[in-house]
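Observations on chain architecture
Residues per chain are reported as follows:
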There are 2 protein chains.
Amino acid sequence: MKPVIVTPQTMRFDQPLTLQSGAVLPSYELVYETYGELDADRSNAVLICHALNASHHVAGLKADANGQAIPRSEGWWDNMIGPGKSLDTNKFFVIGVNNLGSCFGSTGPTHANPASGQPWGADFPVVTVEDWVDAQARLIERLGIRQLAAVMGGSLGGMQTLSWTLQYPDRVRHAVVIASAPNLNAENIAFNEVARRAIITDPDFHDGHYLRAGTIPRRGLRIARMIGHITYLSDDVMNEKFGRELKPLASALAAGDPDAAERLAYQYSTQAIEFQIESYLRYQGDKFSEYFDANTYLLITRALDYFDPARLYGGGSLSAALARARARFLLISFTTDWRFSPARSREIVKALIDNRREVSYAEIDAPHGHDAFLLDDPRYLAAVRAYFEHTIAADARGAAA
Amino acid sequence: MKPVIVTPQTMRFDQPLTLQSGAVLPSYELVYETYGELDADRSNAVLICHALNASHHVAGLKADANGQAIPRSEGWWDNMIGPGKSLDTNKFFVIGVNNLGSCFGSTGPTHANPASGQPWGADFPVVTVEDWVDAQARLIERLGIRQLAAVMGGSLGGMQTLSWTLQYPDRVRHAVVIASAPNLNAENIAFNEVARRAIITDPDFHDGHYLRAGTIPRRGLRIARMIGHITYLSDDVMNEKFGRELKPLASALAAGDPDAAERLAYQYSTQAIEFQIESYLRYQGDKFSEYFDANTYLLITRALDYFDPARLYGGGSLSAALARARARFLLISFTTDWRFSPARSREIVKALIDNRREVSYAEIDAPHGHDAFLLDDPRYLAAVRAYFEHTIAADARGAAA
């Protein structure tokens, strides 16, 4: 199959955006990509909302300067979205958009604050899930789409999807909410807070103005990412993948040293890499600290903490809050996801049923923890495919008829 | 009841101790406390092994300079151990000992390295669970105790208890292993590694020689403790205790401001304390960083990582390793403990049963996570009481007869 090559586009908004906090962003840009063709009646558009460290680059391969595909540059949901895939871009017009506050193109803390000409840094206003949805809604409007066939996202992307159905109930027909939750629980907030403290107390953080200081709080970013990674994986998959395997031993065996097991024991060191899991986490932390912005990490984890539609719309009741929703829902959760457990998805399902909304729910018995929403579980991909092929496509045809 | 007032004692060992790593500690001191009276035939002694941040001060109140009780200075297992308590010091002679490498009195990284006169710091040798048990065994021998009625410990203390039965099978009649595991799994090691990286990458760590540099890596210690605390608590108990409660709102309500709920909303800040759980974790981190030594934290987490009797004695098989044990066992686990889950205790039970050893096992349905082993669950305290009153005491009488 011919590879899909995509080029990001930028849309500028000069109308000020009032944020949930009351702060006003005087102007901003959103970077986005699209896949497939918008049909004549503009009824086949699907918006994809991204999670913590992802971007608008959802599917396909990136183009180099000559328009040629860059190898291994697949979008983060390329296994799910493309021609003939579960979300089939031969039928749907898919939009990936980078959120405000990100470090991947849309206006964020690494950009210049127009008031000072210096990078925003810590002065970039706190943005919420609701703010992101408001900004996305303007983009959708500018693209001439009155109503989305669907909004879809996993994890924090699922929260945005849910919020779309509450902020713009008439502008979304279907909501596909995967591995998500109606809010963070205390343990989720706790992990976010430790990650934030690691970043903020890094001496290179400089109160968030590290770019002006010519530094980057890499130590804090590494710790934050290591913590994150632990919570993305299930206990089981970590044990299966790494267990208690020793790194030097594994390296020696890989290098064809058959006696290594006899010879190599513990190094008896607190600093050397002893176990494979340590090597994996350090690698993930190092890699992340090279490309992710620390202020963006703070903003995104805070947006997660703050999201709480029951509080915002329902006086604490999720059922009361979800009475606003008009969309039909597909929810999917994964049994070993302890970050956003199936119980949290079931809370949303219950609140929708309380309101007699149409909702499909699949709980996939997968070993991969929270990460499962990005992986190739065939039952998962089939469930999304079925929903788009039958429920959403039929509905789109109905809307067009 | 008259309070039990205790004074720590110090025992010096001038015979070199060869550690598992091959390193030799030329001499060392162990700090310990005792409660109750050793009986004439020295058959009623119970050794308590401590976990990560505890010490020899297991029960009773500390004495001030005048021998008066210091208020609120109870030992960490005072609810379990004392006159008339589950482990009754009217019947048993209980010994609490501080481990090598600790920062609470026994020889450790904050002490002077005799070779240099400077604090050991990062040069203190890596010690293992087996090394601790060897050092404890010498103390027990010096106290004139040929055989312990029991060794008992929770978490890492349970690992030492298990190791006693393998290193000195004829010197321990009963092993009480609570909320423990036969080794750390990949997720446990992962959390330890993040905590260690937070400490080691703190610029105030100075390669572990921070005392010489006149600094303390408090940032790293804070992060390490925050991570630890999350893993000690269950998801449920965190939600019940803190949930999504806002700190400023709770403070205002506590100060008698009835309209606070109407007025106070989110602060929209990534750095301010917004939720109660954040306040709790920061407080725990700050407190810990004031009294705990960073090198000790590294050593103790590494001792946890390394412990693996199946590897050491059984060629990878726990059943083969536990064939060495002669003691009778009581194991206790807690349903919501996700750090050392009941499944890990059951592995030990199974390996003992494979060897036809006598073993009692209680799985307590408690909401408090790993922390439960330090708390006042009546079923838990009753299970320990019954074991000491019936099984161990009867056995001690038998040994005496």
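This write-up is about the structure you can find in this document. (Residues numbered from 1 in each chain as written. Chains lettered and ligands numbered in written order. Predicted model: local features only at pLDDT ≥ 70, side-chain atom pairs only at ≥ 80, totals over all residues. Heavy atoms only, no water.)

Observations regarding the overall build of chain A
The test is simple: A run of H or I in DSSP counts as a helix once it spans at least four residues, and a run of E counts as a strand once it spans at least two, with each numbered from the N terminus. As defined in this context, the radius of gyration uses C-alpha atoms, and a globule is described by 2.2 Å times the residue total to the power 0.38. Exposed residues in this analysis have more than 50% of their type's maximum accessible area, buried residues have under 20%, and partly exposed residues fall in between, with area computed by a 1.4 Å probe over protein chains only. Values of accessible area rely on a 1.4 Å probe in the Shrake-Rupley scheme; residue burial ignores everything except the protein chains shown. Counting rule for charge: Lys and Arg are taken as positive, Asp and Glu as negative, and neither His nor the chain ends is counted. Every charge is mapped to an atom, namely NZ of Lys, CZ of Arg, CG of Asp or CD of Glu.
If you tally the helices and strands in chain A, you get 14 helices and 14 strands. Against the 2.2 N^0.38 benchmark of 21 Å for 401 residues, chain A shows a C-alpha radius of gyration of 22 Å, consistent with a compact globule. Along the first, second and third principal axes, the C-alpha atoms of chain A reach 75 × 50 × 50 Å. Looking at chain A as a whole, 60% of its 401 residues qualify as buried. Total accessible area on chain A stands at roughly 14900 Å², and carbon and sulfur atoms take up 50% of it. Of the side chains in chain A, 39 bear a positive and 46 a negative charge, and the two mean positions are spaced by 5 Å.

Observations concerning the interface of chain A and chain B
We count it as follows: Any two residues whose heavy atoms approach within 4.5 Å are treated as being in contact. By buried area we mean the combined loss of accessible area, with a 1.4 Å probe, across both parts when two parts are placed together. When a carboxyl oxygen of Asp or Glu lies within 4 Å of a side-chain nitrogen of Lys or Arg, that pair is called a salt bridge. N or O atoms within 3.5 Å of each other form a polar contact, as long as, within protein, one can give a hydrogen and the other can take it, and as long as residues adjacent in sequence are counted only when both atoms are side-chain atoms.
The interface of chain A with chain B comprises 57 residues on the first partner and 57 residues on the second. Summed over both partners, the interface of chain A with chain B buries about 5100 Å², with 61% contributed by carbon and sulfur atoms. At the surface where chain A touches chain B, the tally comes to eight salt bridges. The shortest N-O distance in the salt bridge between Arg 302 of chain B and Glu 278 of chain A comes to 2.7 Å. Taken together, the connections running from chain A to chain B amount to 30 residue pairs in polar contact (both at pLDDT 80 or more).

A word on the relation of the copies chain A and chain B
To keep it simple, the criterion reads: Only residues with pLDDT of at least 70 in both copies contribute their C-alpha atoms to the least-squares superposition of the copies.
The two copies are related by a screw operation: chain A maps onto chain B through 180 degrees of rotation and 0.0 Å of translation along the axis, at an RMSD of 0.0 Å. Expressed as a symmetry operation, the mapping of one chain copy onto the other fits a two-fold axis. Both copies share a contact surface, since 100% of the interface residues of chain A are interface residues in chain B too.

So, the packing of helix α5 (residues 218–232) of chain A against helix α3 (residues 186–200) of chain B
The condition that has to hold: For helices, the axis comes from a line fit to the C-alpha atoms of the stretch in contact; other axes are also lines fit to C-alpha atoms, and the angle between any two N-to-C directions lies between 0 and 180 degrees. Roughly parallel means an angle under 35 degrees; roughly antiparallel means over 145; roughly perpendicular covers 65 to 115; every other angle is labelled oblique. Each residue gets one of three labels, nonpolar for Ala, Val, Leu, Ile, Met, Phe, Trp, Tyr, Cys and Pro, charged for Asp, Glu, Lys and Arg, and polar for the others, Gly among them.
Close contact between α5 of chain A and α3 of chain B brings their axes to 10 Å; oriented N to C, the two are set at 170 degrees. On the basis of the axis angle, α5 of chain A is roughly antiparallel to α3 of chain B. Taking contact as the criterion, the partners of Ile 223, Met 226, Ile 227 and Ile 230 of chain A in α5 of chain A are, on α3 of chain B, Glu 187, Ala 190, Phe 191, Glu 193, Val 194, Arg 197 and Ala 198 of chain B. Grouping the constituent residues of the contact of α5 of chain A with α3 of chain B by class yields eight nonpolar, no polar and three charged.

Digging into unusual backbone geometry
Of note, Ser 155 of chain A is a non-glycine position whose phi angle comes to about 60 degrees, a positive value. You can see Ser 155 of chain A is positioned in the loop between β11 (148–154) and α2 (156–167). Phi angles above zero are rare outside glycine, and Asp 207 of chain B is one such case at about 55 degrees. Relative to the helices and strands, Asp 207 of chain B is located in the loop between α3 and α4 (210–213).

A short note on the environment of Ala 63 of chain B
All names here are of chain B. Of note, Ala 63 is situated in the loop between β7 (61–62) and β8 (81–82). Judged by relative accessible area, Ala 63 falls into the partly exposed class, the value being 26%. Once the C-alpha coordinates of Ala 63 and Pro 8 are considered, the two residues, 55 residues apart in sequence, prove to be 9.2 Å apart. Excluding its chain neighbours within four sequence positions, the residues that come into contact with Ala 63 are Ile 5, Val 6, Thr 7, Gln 68 and Ile 70.

Overview of α5 of chain A
Going by this rule: Expected span of a helix, by definition, is 1.5 Å for each gap between consecutive residues, and there is one gap fewer than residues.
With 15 residues, α5 of chain A extends 21 Å between its outermost C-alpha atoms, agreeing within 8% with the 21 Å of an ideal straight helix rising 1.5 Å per residue. Most of α5 of chain A is tucked away: 12 of the 15 residues are buried. Where α5 of chain A is buried, its residues contact α3 (186–200), α6 (235–241), α9 (276–291) and α10 (294–306) of chain A together with α3 and α5 (218–232) of chain B.

Description of the state of the cysteines
All names here are of chain A. Under the convention used in this document: The rule for a disulfide is simple: a pair of cysteine sulfur atoms within 2.5 Å.
In total, this model carries zero disulfides over all chains according to the counting rule given. Between Cys 49, a cysteine without a disulfide, and Cys 103, which holds the nearest cysteine sulfur, the sulfur-to-sulfur distance is 18 Å. Note on Cys 49: relative accessible area 1%, which makes it buried.

Comments concerning the packing of aromatic side chains
To keep things clear, this is the line we draw: Side-chain rings of Phe, Tyr and Trp (the six-membered ring for Trp) are treated as a pair once their centres are within 6.5 Å; stacked means planes under 30 degrees apart, edge-to-face means over 60, and tilted covers the remaining angles. Counting as a charge over the ring demands two things of the Lys NZ or Arg CZ atom: a distance within 6 Å of the ring centre and an angle within 35 degrees of the ring normal.
In total, this model carries 46 aromatic pairs over all chains according to the counting rule given. Between Phe 242 of chain A and Tyr 280 of chain A, the ring centres sit 4.7 Å apart and the planes meet at 40 degrees, which makes this aromatic pair tilted. Taken as a pair, Phe 242 of chain A in the loop between α6 and α7 (247–254) and Tyr 280 of chain A in helix α9 lie far apart in primary sequence, 38 residues in all. Note on accessibility: Phe 242 of chain A and Tyr 280 of chain A belong to one class, buried. When the centroid spacing of 6.2 Å and the interplanar angle of 90 degrees are considered together, the rings of Trp 77 of chain B and Phe 373 of chain B count as edge-to-face. With a gap of 296 residues between them, Trp 77 of chain B in the loop between β7 and β8 and Phe 373 of chain B in the loop between β14 (359–364) and α14 (378–400) connect regions that are remote in the sequence. We classify Trp 77 of chain B as buried; its relative accessible area is 0%. Over the ring of Tyr 266 of chain B we find Arg 311 of chain A; its NZ or CZ atom is 4.2 Å from the centre of that ring.

Describing the sheet that holds β14 of chain B
All names here are of chain B. Using the following cut-off: Strand pairing is assigned whenever DSSP detects at least two bridges linking the two strands.
Spatially, β2-β5-β10-β6-β11-β12-β13-β14 is the arrangement adopted by the eight strands of the open sheet, whose pairing is mixed. Only two strands of the sheet have a single partner each, and these edge strands are β2 (9–13) and β14. Each strand axis lies, on average, 20 degrees off the axis of its neighbour in the sheet, ignoring direction. One ladder, built from five bridges, connects strand β12 (residues 172–178) with strand β13 (residues 328–334); its direction is parallel. Bridge assignment links Ile 178 to a residue of β13, and that residue is Ile 332. Sitting on the sheet, helix α2 (residues 156–167) is in contact with β6 (45–49), β11 (148–154), β12 and β13, with an inclination near 145 degrees to β11.

Comments concerning the sheet that holds strand β14 (residues 359–364) of chain A
Residues and elements named next belong to chain A. Strand order across the open sheet formed by eight strands is β2-β5-β10-β6-β11-β12-β13-β14, with mixed pairing between neighbours. Two strands close off the open sheet at either side, each with one partner strand: β2 (9–13) and β14. Sheet twist, expressed as the mean angle between neighbouring strand axes with direction ignored, is 20 degrees. Sheet contacts for α2: β6 (45–49), β11, β12 (172–178) and β13 (328–334); angle to β11, the most-contacted strand, approximately 145 degrees.

Observations regarding empty space enclosed by the protein
The gaps left among the atoms become clear once a water-sized probe is rolled over them. Our working rule: Points on a 1 Å grid, built from protein atoms alone, make a cavity when a 1.4 Å probe fits but cannot get out and make a pocket when they are open with protein on both sides within 12 Å along at least 5 of 7 lines; residues with an atom within 4 Å of a point are the lining residues. Grid points are joined across faces, edges and corners, and a volume is the space filled by probe spheres set on the points.
Within this structure, the stated rule accounts for six cavities of 30 Å³ or more. Lining the largest cavity are 14 residues, with Ala 198 and Thr 201 of chain A together with Ala 198, Thr 201 and Arg 219 of chain B positioned closest to its centre. Counting only elements with at least two residues in the lining of the largest cavity, the list comes to α5 of chain A together with α5 of chain B. When the residues that make up the lining of the largest cavity are grouped by side-chain class, the tally is six nonpolar, four polar and four charged.

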